[in-house]
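Structural features, examined
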Amino acid sequence: SEGPHRGLMPDEVTQWRRWDMRLERHIIDPAICVTSRGWTANQVLYVISSSHHSEVCAGKYELVSGGVANGWPIWKMQGGDYWMYSCKDGCWGICAKDVRAKGFDCCAGFILSVEPHRGEMPQHIRKWERWDEGLDRFLADPCISVSDVEPEGCWR
């Protein structure tokens, strides 16, 4: 933790540090989250997008049985080669097979949650961003959402 726990239980500590081998010192890591409740993952999630190139990532994602990336569950797009996973920095990401080939050992994707999830599952995240190749950076995109309820009508 950042400092003495002063009687707090680990899940009540808000800031954690980890050893950074490159800097050879402890650094605060906002991606570390200790919880007493564990996580429960939905079998199916729906990625909804009506904007730009992120639309290719829209679809039905199914939980990969026994699949874990950076300590969190992973989902694979039904009929596609896209994956939803927890990035090393604690953000949720939607990526392609190149990131999967790296064992999800990175922070990359076409779509990322704006902030680390701190233990929240993707369907509870409200702010997402997408990669804009023309601008060579991520842009906030309010049209992107993740739901555990199948949308009605034409949603993809």
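Residues numbered from 1 in each chain as written. Predicted model: local features only at pLDDT ≥ 70, side-chain atom pairs only at ≥ 80, totals over all residues. Heavy atoms only, no water.

Focus: the sheet that holds strand 3 (residues 44-48)
Pairing is antiparallel across the open sheet formed by nine strands, whose spatial order is 10-9-8-7-6-5-4-3-11. The open sheet has two free edges, formed respectively by strand 10 (137-140) and strand 11 (145-147), since each of these has just one partner strand. Going from strand to strand, the sheet's axes swing by 30° on average, the running direction of each strand aside. In terms of strand pairing, strand 3 meets strand 11 through three bridges, oriented antiparallel. Bridge assignment links I48 to a residue of strand 11, and that residue is S145. (Pairing = 2+ DSSP bridges. Helix = DSSP H or I, 4+ residues; strand = E, 2+ residues; numbered from the N terminus. Axes fitted to C-alpha atoms, helices over the stretch in contact; angles between N-to-C directions.)

Looking at the nonpolar core
Core analysis: the biggest nonpolar cluster contains 19 residues, and Y61, W75, Y82, M84, W92, I94 and W128 have the highest contact counts within it. Sorting the residues of this core by element identifies strand 3, strand 5 (72-77) and strand 7 (92-95) as the ones contributing at least two each. It is strand 5 that contributes the most residues to this core, three residues altogether. One finds Y85, C95, V99 and F104 within the second-largest nonpolar core, a separate group that totals 10 residues. (Core = buried A, V, L, I, M, F, W, Y, C linked by side-chain atoms within 4.5 Å. Buried < 20%, exposed > 50% of the residue type's maximum accessible area, 1.4 Å probe, protein only.)

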